[in-house]
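Results of the structural survey
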Amino acid sequence: MSRADHRVTAVLGPTNTGKTHLAVERMCAHSSGMIGFPLRLLAREVYDRVVKIKGANQVALITGEEKIVPKDARWFLCTAESMPIDRDVAFVAVDEAQLGADPERGHVFTDRILRARGREETMLLGSEALRPMVKALVKDAEIITRPRFSTLSYAGARKISRLPKRSAIVAFSAEEVYAVAEMLRRLRGGAAVVMGALSPRTRNAQVAMFQAGEVDYLVATDAIGMGLNMDVSHVAFASLHKFDGHRQRRLTVAEMAQIAGRAGRHQRDGTFGALVDEGPSAFGPEEVLAIEEHRFAPLDHLYWREGAPDLSSIDALIASLEVRPDFRVLRAAPEATDLAVLKRLAGEDWVRQRVRGQRMVTRLWAACGLPDFRKLGVDPHARFVGRVFGYLSDGKGHVPHEWFANEIARLDNVAGDVETLAGRIAAARSWAYIANRVDWLADPAHWSARAGAVEERLSDALHTSLTQRFVDKRTTLLMRQIGADPRALPVTVGPEGEVSVEDHPIGTLHGFRFVVAPEAGHADKRMLLAAAERRLGSERARRAKALAEAVDADLTLADDAPAIRWDGHEVAQLAVGPSLARPRVVLDRGLDCLDKAAQAAVRARIERWTTEQIARRLPVLAALDAAMRDPQATPPLRAVAAALVDAGGIAARIGIGSAVDALDPPARKRLRTLGVTIGALDVFDARLLKPEPARWRRVLLAARGVAVSPPPPTGPTVLARAAAGACLQHGYRPLGAQAVRVDLAERIARAVHDGRSGHRPFAPDPALATSIGMTADTLARLMAALGFRTAKPEGGEPRWVWRGLTRAVETRPSHDNAFAALADLGVRLG
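As a starting point, this report considers the structure included with it.

What counts and how
- Residues numbered from 1 in each chain as written.
- Predicted model: local features only at pLDDT ≥ 70, side-chain atom pairs only at ≥ 80, totals over all residues.
- Heavy atoms only, no water.
- Helix = DSSP H or I, 4+ residues; strand = E, 2+ residues; numbered from the N terminus.
- Buried < 20%, exposed > 50% of the residue type's maximum accessible area, 1.4 Å probe, protein only.
- Areas by Shrake-Rupley, 256 points an atom, 1.4 Å probe, with all protein chains shown as cover.
- Contact = heavy atoms within 4.5 Å.
- Axes fitted to C-alpha atoms, helices over the stretch in contact; angles between N-to-C directions.
- Parallel < 35°, antiparallel > 145°, perpendicular 65-115°, else oblique.
- Left-handed = near helix turned anticlockwise from the far one by under 90°.
- Nonpolar A, V, L, I, M, F, W, Y, C, P; charged D, E, K, R; others polar.
- Core = buried A, V, L, I, M, F, W, Y, C linked by side-chain atoms within 4.5 Å.
- Salt bridge = Lys/Arg side-chain N within 4 Å of Asp/Glu carboxyl O.
- Pairing = 2+ DSSP bridges.
- Right-handed = clockwise from strand over helix to strand, strands pointing away.
- Polar contact = N/O pair within 3.5 Å; in protein donor to acceptor, adjacent residues only side chain to side chain.
- Phe/Tyr/Trp six-rings, centres within 6.5 Å; stacked < 30°, edge-to-face > 60°.
- Lys NZ or Arg CZ within 6 Å of the ring centre and 35° of its normal.

Each helix and strand counted, the protein chain has 30 helices and 34 strands in total. The buried share among the 830 residues of the protein chain stands at 52%. In the form shown here, the protein chain has an accessible surface area of approximately 37,200 Å², with 51% of it arising from carbon and sulfur atoms.

Structure representation (structure tokens):
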């Protein structure tokens, strides 16, 4: 596994120990070298750094989708999967070697630990947990422990709104990353976004924005745990669970530490924490202690797969890839995507027919190595690989440039949202991978440049889209000014309540509520409130004084809603009080900004106005409310008064008949003096049927919690039974297919009784009923409700006999109209 004439060093320790920096220094000290990284982004970052040291003509970058290999290249920066380990170089390093324990990619890192060697020096970089694996697999390795340069400590749980500047929030899905970034935009002005799926160009642009201080926050996936160089002071975990390709699981303590370790830089201390302090997304005490003290369970195995498989045939290839390891500390790797695709294609007859020699087996295995960048799943990806291999195994063995060009042209579209652009970039990575295989295209250099240009355009568009979606530079600027000195912010209020900060219109003060301007965006709301709230106190105090001294005409009742307005703005609501006529005044929440003395003065003024308006608009309710509390009033009078107040001044007599019958003459006179009519069917005050008293009555009922049906139009004497407001609640007596206004129903009732002669049959004068729009059927139902029954008609004219209401209830009527009329009253006959 190793040569006897060179040195193998394992540099182990927590994050922020400078291991990668050390490896770069060692590589540059040799005549040639190679480092394998876990991420394309990290390889690109170090490539840019080495280019500045050695010059672009001597440094190569090799990843699946990108190859920059100058003719005189001597130093190679690669992803672990793309390392050309057969190249003779003086120095080789494998970064994050503990990833050999990863079920998905672990076999690649294990193979590099075992087989990747420099001519003079080899360096394995990883966490302290890798120590027993190094001792077991690379027995001649010298192990060096690198301590962390700075202290990493737990800062507890903090809400997003309270995170310190230079924080990175880590999430484990694109959806969660976007949600957190959107929240930061609302609260803090925005955030940069970093995910492993981003192209290096997009990622670099986002990180540059963060590093330059254009935004103070970074939202990322766990990709930042792999050594990406960023100036982060605090790492906050949005979650402690991730989907590992097979199941949703909790992060291991080592994974938590790897990510948390990005906080702090060189000798500057860092902190970590969560967004919640309890539940599955909160740290446990043992986890916190282990992370702070860098104590993790040592690895007891790595995943392995044959790194140099047998390519003599398809079956030999599959068999060698499924061989189990001999070493005790190695485990057979779970079936990776490339092997799963190989097995799918091996079952195709046409593949078997074309793959007859080692050269074609090698070509098939190379095609199966095409990554599933789009995350399609094994079957769809196998079909795509099968098509590619179909071209590679036919004719000149090249992917047709027409197909390649058409697919690239289809992706060369910068329109769309963040998700759409990210999807196109993922698809473009597949074509970039194909273009970087030197023998897969007739002109690979041309098509590699073409694919790279498309990815760059998409990356620029994605950076712009991410910035537009998750960054508001004005909000960021204002937040910084607020944090520096809130008193320095010039906040002005215009004559129409328009509020401006530093000449930026940010909203309007509607009454006492500050409302963010639509053009400022809802996402800015909390920030803008913070900017303006501290400077609007004096304006609100002035308005409170004006409201407390307002004249009656300045206060109005909202239309059919228990709310009171001042200067066009809602300032209070009416709620359940001691009685319908005495509602409670609740100040609008917009007035919570006032001090207690100002609130008390405003409440007193609105209460006084409400009492005066009820006495003016609904005098009968105010008088009845006083009567029901009058200790000198008789119990029947107090009972009738209370029932009428609860009903809003209009009540069916059948519900309070016993109390009405018990009224003595003085009590009846007192009610008449108040304006109450004790009718044959209903007890009411006709003044309540006028438009403005009716509106106040509806509002008071609603404030009491009564479900108020839609009101009738103004003016009609009779309504169709199905029309709005055709019920007693609005002053209409339902009778068959119609509803008659209660005062008119009572006039007809009196006219009928005035026209009868004892209990002899008679025919009432229909003129009044006809004049107000009552039908004959409605009149018949009213007659039955009044206690009349039909008699034998004379000359075809209906005649009625007075039986009295009580008798009509006790004696089953024979006439259908009488029966229906009693049903309308709620009387059940049995």
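Turning our attention to helix H28 (residues 776-785). The element H28 is largely enclosed, with a buried count of eight among its 10 residues. Here H28 has its buried residues at Thr778, Leu779, Ala780, Arg781, Leu782, Met783, Ala784 and Ala785. Immediately downstream of H28, the backbone of glycine 787 shows phi near 105 degrees, a positive value.

Turning next to the side chain of arginine 166. Looking at the element boundaries, arginine 166 is found in the loop between strand S9 (152-157) and strand S10 (167-170). The contact partners of arginine 166, leaving out residues within four places of it in the chain, are Phe210, Gln211, Gly213, Val215, Asp216, Asp231, Val232, Ser233 and His234.

Two elements in contact, helix H19 (residues 537-548) and helix H20 (residues 596-617), have axes whose closest approach is 8 Å; the angle formed by their N-to-C orientations is 30 degrees. The angle between the axes of H19 and H20 places the two elements in the roughly parallel class. Where H19 crosses over H20, the handedness of that crossing is left-handed. Contacts from Ala544, Leu547 and Ala548 in H19 reach Ala598, Ala601, Val602 and Arg605 in H20. Here the residues of the contact of H19 with H20 sort into six nonpolar, no polar and one charged.

Here the focus is the nonpolar core. A general tendency of soluble globular proteins is for nonpolar side chains to be buried together. Judged by nonpolar contacts, the single largest core of 69 residues is most densely connected at Ile169, Leu342, Leu364, Phe404 and Ile434. Considering each element in turn, this core owes the most residues, 10 residues, to helix H15 (residues 418-435). Setting aside anything within four residues of it in sequence, one finds leucine 342 in contact with Leu317, Ile318, Leu321, Leu364, Trp365 and Cys368. The next biggest cluster of nonpolar side chains, apart from the first, holds 53 residues, and it includes Ala598, Leu621, Leu637 and Ile650.

Right, let's talk about the pattern of salt bridges for a bit. Here the structure, examined in full by the defined rule, presents 48 salt bridges. Between arginine 203 and glutamate 45 there is a salt bridge whose closest N-O contact spans 2.8 Å. Residue arginine 203 is found in helix H6 (residues 200-211), and its partner glutamate 45 is found in helix H2 (residues 40-54); the two are separated by 158 residues along the sequence. Three or more residues joined by partner-sharing salt bridges are found here, namely Arg40, Arg44, Asp48, Glu65, Glu66, Arg429 and Glu455.

Our focus in this paragraph is the sheet that holds strand S29 (residues 682-684). Think of a sheet as strands paired side by side through backbone hydrogen bonds, with each pair either parallel or antiparallel. The strand order across the open sheet built from three strands is S27-S29-S28, with neighbouring strands paired in antiparallel fashion. Strands at the two margins of the open sheet, each flanked by one partner only, are strand S27 (650-652) and strand S28 (677-678). As defined by bridge partners, S27 adjoins S29 across three bridges and the pair is classed as antiparallel. Within S29, the residue paired with isoleucine 650 across the bridge is phenylalanine 684. Packing against the sheet, helix H23 (residues 653-661) makes contact with S27, S28 and S29, and its axis sits at approximately 85 degrees to S27.

Turning next to unusual backbone geometry. Non-glycine residue glutamate 96 carries a positive phi angle of around 55 degrees. Position of glutamate 96 among the secondary structure elements: in the loop between strand S6 (91-94) and helix H3 (106-115). In this structure glutamate 96 comes out as buried when scored by relative accessible area, which is 8%. Phi is positive for lysine 375, close to 55 degrees, though the residue is something other than glycine.

Spatial strand order, S4-S3-S5-S2-S6-S7-S1-S8: eight strands in an open sheet with mixed pairing. At either end of the open sheet lies a strand with only one pairing partner, and these are strand S4 (67-68) and strand S8 (142-145). Sheet topology note: the S6/strand S7 (residues 121-126) ladder contains four bridges and is parallel. Each residue of the ladder has a partner; that of valine 94, found in S7, is leucine 124.

What follows covers the pairing of S7. Within S7, six of the six residues are buried, which leaves the element mostly enclosed by the surrounding structure. Alternating residues of S7 divide into Glu121, Met123 and Leu125 and Thr122, Leu124 and Gly126, and every residue in both groups is buried. One crossover worth recording links S6 to the parallel S7 by way of H3, and it is right-handed.

A separate point is the side chain of aspartate 625. Inspection of the secondary structure assignment puts aspartate 625 in helix H21 (residues 619-628). Side-chain polar atoms of aspartate 625 contact the side chain of arginine 629, separated by 2.8 Å.

The subject of this paragraph is the pairing of strand S1 (residues 7-12). Burial runs high along S1: five of the six residues are buried. Bridging between S1 and S7 involves six bridges; their strand directions are parallel. Bridging from a neighbouring strand, leucine 12 pairs with glycine 126 of S7. Pairing between S1 and S8: four bridges, direction parallel. Looking across to S8, one finds that valine 11 is bridged to isoleucine 144.

Turning next to the packing of aromatic side chains. Under the counting rule described, the total for this entry stands at 17 aromatic pairs. For the cation-ring pair, arginine 469 lies above tyrosine 178, with the distance from its terminal atom to the ring centre recorded as 5.0 Å.

Mapped onto the secondary structure, proline 325 falls in the loop between helix H9 (314-321) and strand S18 (330-332). Overall, the relative accessible area of 17% leaves proline 325 in the buried class. Remark: the alpha-carbon pair of proline 325 and arginine 305, spanning 20 residues in sequence, is separated by 7.5 Å.

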